[in-house]
Amino acid sequence: PIVKDFDNRSKILENSKVEVEDLCLVSFRCYSDMIRKSIDEIDLIEHIPEYVGREHPILSKCRVGVGKGKFKNPRGIAFDKIRHKLYICDSSNCRIQVFNTVGKFLHSFGNEQLHRPFSICLSKEFVFITDEVKNCVTKFTLEGMFKKSFDGGAVKFGRIYGVDCSDEFLYICDLRYQRIYILDLNLNYIKQFGSGEIKYPADISRHSDRIYILSRSVSSIYCYDKYCTLQKEIELSDGEKPMTLTVFMVIDPKGNFLVSDESNQEIRIFS
């Protein structure tokens with residue numbers, strides 16, 4: 001069942017009292033995790049008081065552009081809980097921008113290696129980014145030093161999208177071939193799963209000993225165990241608004257699913 005619907009555009013513009021043209025990205029910080037959302041006109045980083053039960057929102061704004069702290073088509077977001085840094089895929093500027101928790105620009109990296117960074121995740125030592133134009137996954141240090149890229153080799157990636165990692169493995173969604181790849185953190189291919197079971201995987205998140213995969217077009221989340229065996233398919237619907245374009249997902253510590261619904265311009269929260 002749906003827990004709560006947040007209409008991001010109306011709520012944020014009402015509370016922030018700023019003009020749409022001044023802003024370019026939306027993201028929500030939920031406890032210690034990040035919900036990743038792609039809206040080209042807006043840039044806000046804020047707590048949702050009604051959801052997390054915390055004090056006033058933290059607000060950061062910037063303009064569309066190419067300079068430091070400016071964005072063009074921002075995509076994936078990852079949060080370093082140890083160092084308290086926010087990493088954002090600045091897609092059309094071909095880079096990753098790094099901020100602190102109050103929105104202050106720290107540095108950027110990836111201009112020479114990235115073409116259109118899409119999704120991002122962090123391990124204890126490294127940053128992993130999928131590139132939707134180069135169709136590869138690229139590895140950097142947390143400071144932004146390039147390590148290596150992998151385009152699938154003999155596996156031949158179709159169209160890679162969402163990415164997540166554990167302390168040992170990297171999980172990558174292939175939207176075209178409708179399967180999940182598992183690599184080690186040195187970007188060596190290990191195996192794949194989900195063929196014939198998953199429809200258009202867009203994003204992936206781990207929670208406890210489960211792997212959850214978001215479908216881009218059928219409003220479902222697929223649940224796999226740690227052995228990559230399908231356990232169930234969770235339908236995302238409240239019976240009123242159909243979700244036809246779901247791209248990003250995160251799971252909060254309580255096990256709720258936060259899903260970006262681009263067709264309705266909302267963050268949807270499901271138990």
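See the structure printed just above.
Conventions and cut-offs
Residues numbered from 1 in each chain as written. Predicted model: local features only at pLDDT ≥ 70, side-chain atom pairs only at ≥ 80, totals over all residues. Heavy atoms only, no water. Helix = DSSP H or I, 4+ residues; strand = E, 2+ residues; numbered from the N terminus. Buried < 20%, exposed > 50% of the residue type's maximum accessible area, 1.4 Å probe, protein only. Contact = heavy atoms within 4.5 Å. Areas by Shrake-Rupley, 256 points an atom, 1.4 Å probe, with all protein chains shown as cover. Pairing = 2+ DSSP bridges. Axes fitted to C-alpha atoms, helices over the stretch in contact; angles between N-to-C directions. Polar contact = N/O pair within 3.5 Å; in protein donor to acceptor, adjacent residues only side chain to side chain. Core = buried A, V, L, I, M, F, W, Y, C linked by side-chain atoms within 4.5 Å.

### As for the overall build of the chain
Piece 1. From N to C terminus, the chain includes two helices and 23 strands.
Piece 2. Across the 271 residues in the chain, those meeting the buried criterion constitute 56%.
Piece 3. Looking at the chain alone, contacts between residues at least 24 apart form 42% of all its contacts between residues at least 6 apart.
Piece 4. Here the chain has roughly 11900 Å² of accessible surface; of this, 46% comes from carbon and sulfur atoms.

### Describing the sheet that holds strand β5 (residues 74-80)
Piece 1. Overall, antiparallel pairing links the four strands, which are arranged β5-β6-β7-β8 in an open sheet. Of all the strands in the sheet, the pair left with one neighbour each is β5 and β8 (105-109). The mean inter-strand angle of the sheet, taken between neighbouring strand axes irrespective of direction, is 20°.
Piece 2. Summarising the sheet, β5 and strand β6 (residues 85-90) pair through five bridges and their orientation is antiparallel. Among the inter-strand pairings, F79 is bridged to a residue of β6, identified as L86.

### Some remarks on the side chain of D203
Piece 1. Along the chain, D203 turns up in strand β17 (residues 201-207).
Piece 2. The class for D203 is buried, based on a relative accessible area of 0%.
Piece 3. Separated by 2.8 Å, the side chain of D203 and the backbone nitrogen of M249 make a polar contact.

### Description of unusual backbone geometry
Among all residues except glycine, the phi angle is most often negative; among peptide bonds, the trans geometry is most common.
Piece 1. Of note, N73 is a non-glycine position whose phi angle comes to about 55°, a positive value.
Piece 2. Inspection of the secondary structure assignment puts N73 in the loop between α2 (49-52) and β5.
Piece 3. The partly exposed category is assigned to N73, whose relative accessible area is 21%.
Piece 4. Of note in this structure, K156 is not a glycine but carries a positive phi near 60°.

### Quick look at the nonpolar core
Piece 1. Core analysis: the biggest nonpolar cluster contains 18 residues, and Y161, I180, F193, I204, I211, I213 and Y224 have the highest contact counts within it.
Piece 2. Listed by contribution, the elements that provide at least two residues to this core are β14 (169-174), β15 (179-184), β17, β18 (210-215), β19 (220-225) and β21 (246-251).
Piece 3. For I180, the residues in contact, after removing those within four places along its chain, are Y171, I172, C173, K191, Q192, F193, I198, P201, I204 and I213.
Piece 4. Judged by nonpolar contacts, the second largest core, of 16 residues, contains F128, F157, V163 and I172.

### Re the pairing of strand β10 (residues 126-131)
Piece 1. Burial within β10 is extensive, with six of its six residues counted as buried.
Piece 2. Pairing of strand β9 (residues 117-122) with β10 involves five bridges; the strand directions are antiparallel. Its bridge partner being in β10, L122 is matched across the sheet by V127.
Piece 3. Linking two consecutive strands that pair antiparallel, namely β9 and β10, is a turn of three residues.
Piece 4. Sheet topology places β10 next to strand β11 (residues 136-141); six bridges connect them, and they run antiparallel. Residue pairing across strands places V127 opposite F140, the latter belonging to β11.
Piece 5. Counting the residues between successive antiparallel strands, the hairpin from β10 to β11 contains four residues, one of them, N135, with a positive phi of roughly 55°.

Functional significance is not addressed by these values, which are geometric in nature.
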